[in-house]
Amino acid sequence: MRIAFIGSGNVGGALANQLRRLGHEVTLAAKDPKSKSITALLARNPDLKVSPPSEAVGTAEVVVLATPFQVNVEVVKPLAAELSGKVLIDCTNPIGPGLSHGLGSKQSGTEMLQALLPQTKVVKAFSIYGYENFEDSSFPGFGVKPVMMFCGNDAGAKETVAGLLRTLGWEPLDVGGAEQALHLEHMTLLWVHMVRLGGRPPGLVWAVLTR
Ligand SMILES: NC(=O)c1ccc[n+]([C@@H]2O[C@H](COP(=O)([O-])OP(=O)(O)OC[C@H]3O[C@@H](n4cnc5c(N)ncnc54)[C@H](OP(=O)(O)O)[C@@H]3O)[C@@H](O)[C@H]2O)c1
């Protein structure tokens, strides 16, 4: 699959690296191909391609957004035409002061993106845990796979994302439409509170038991 990354830091870098290793054609969208994050990532995996944003996104089937939330609008707005009809995986989280929800829990960042890009199939995924779990999603010896909850309005786009999740070792759990993203964003805050502030290990993830 042709996958473009907007944002190549902790999250984008980990996922781009893993997906390239799985054989996908991965392109990093870069205004500055010599930026710190692109340079560091290419040193880890020279098989990654780098292209200007409109070219990377325009030729991709799936686009991963892994930028600081506050730049999302300025980053995606100029790419609206290239993103039209595509799957956009939203890994971003609006975080406010004191680990509050960055949009006051009134609307999710994902719904905001979906409203801004009505022709794009936005799916929230890879958002509820720290990037360490995207570097390595194997949990051997537990007898269950780690779960990745995801949501979005387009069933086909979610199937595409579920497929990528499975190949990366996750148990995909579709939690519903984009309106569920607010709950996922609150789960992120819970995880950050427990791990980054509370000292629990970054390899803390959830699993699903069903009967
Ligand atoms: N860190 C985590 O554990 C984690 C886990 C799940 C979700 N998230 C969410 O994922 C997103 C990315 O987090 P991260 O930790 O990967 O951040 P990061 O390491 O700081 O990386 C951010 C990336 O976005 C790029 N970027 C920043 N401003 C930009 C702009 N104006 N235009 C284009 N690209 C820009 C940076 O490029 P340059 O290097 O060129 O500036 C960098 O590649 C955030 O929304 C975060 O809430 C984070």
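Check the entry above for the structure.
Just so it is clear, the model here is predicted, and its values are computed rather than measured.

(A) Expanded view of the side chain of H101. Note that H101 resides in strand β7 (residues 100–101). In terms of polar contacts, H101 uses its side chain to reach the side chain of E185, at 2.7 Å. Once you skip the residues sitting within four places of it in the chain, H101 turns out to touch P94, G96, Q107, S108, L182, E185, H186 and L189.

(B) Structural view of the pairing of strand β1 (residues 2–6). For β1, a buried count of four out of five residues is recorded, marking the element as mostly surrounded by other parts of the structure. Bridge count for β1 against strand β2 (residues 25–29) is five bridges, and the pairing is parallel. Bridging from a neighbouring strand, I3 pairs with V26 of β2. Taking the sense of rotation as the criterion, the β-α-β connection linking β1, helix α1 (residues 10–21) and β2 turns out right-handed. Note that β1 and strand β4 (residues 62–65) share four bridges and pair parallel. Bridge pairing in β4 places A4 opposite V63.

(C) Fine view of the side chain of Q114. Within the element layout of this structure, Q114 appears in helix α6 (residues 109–116). By relative accessible area, which is 13% here, Q114 ends up buried. Separated by 3.1 Å, the side chain of Q114 and the backbone nitrogen of V122 make a polar contact. When near neighbours in sequence (up to four residues on either side) are disregarded, Q114 contacts T120, K121, V122 and N153.

(D) Broad picture of empty space enclosed by the protein. A complete count under the given rule lists two cavities of 30 Å³ or more for this structure. The volume enclosed by the largest cavity comes to roughly 40 Å³. Lining the largest cavity are L15, L19, V64, I89, F126, L164 and L168. Tallied by class, residues from the lining of the largest cavity come to seven nonpolar, no polar and no charged. Estimated volume of the second largest cavity: approximately 30 Å³. Lining the second largest cavity, in full, are F69, N72, V73, G109, M112, L113 and L116. Mapped by element, the contributors of at least two residues to the lining of the second largest cavity are α4 (72–76) and α6. When residues of the lining of the second largest cavity are assigned to their parent elements, the largest contribution, four residues, is made by α6. Of the residues assigned to the lining of the second largest cavity, the class counts are five nonpolar, two polar and no charged.

The rules behind each value
- Residues numbered from 1 in each chain as written.
- Predicted model: local features only at pLDDT ≥ 70, side-chain atom pairs only at ≥ 80, totals over all residues.
- Heavy atoms only, no water.
- Helix = DSSP H or I, 4+ residues; strand = E, 2+ residues; numbered from the N terminus.
- Polar contact = N/O pair within 3.5 Å; in protein donor to acceptor, adjacent residues only side chain to side chain.
- Contact = heavy atoms within 4.5 Å.
- Buried < 20%, exposed > 50% of the residue type's maximum accessible area, 1.4 Å probe, protein only.
- Pairing = 2+ DSSP bridges.
- Right-handed = clockwise from strand over helix to strand, strands pointing away.
- 1 Å grid on protein atoms, 1.4 Å probe; cavity = no way out; pocket = protein on both sides within 12 Å on 5 of 7 lines; lining within 4 Å.
- Points joined across faces, edges and corners; volume = space filled by probe spheres on them.
- Nonpolar A, V, L, I, M, F, W, Y, C, P; charged D, E, K, R; others polar.

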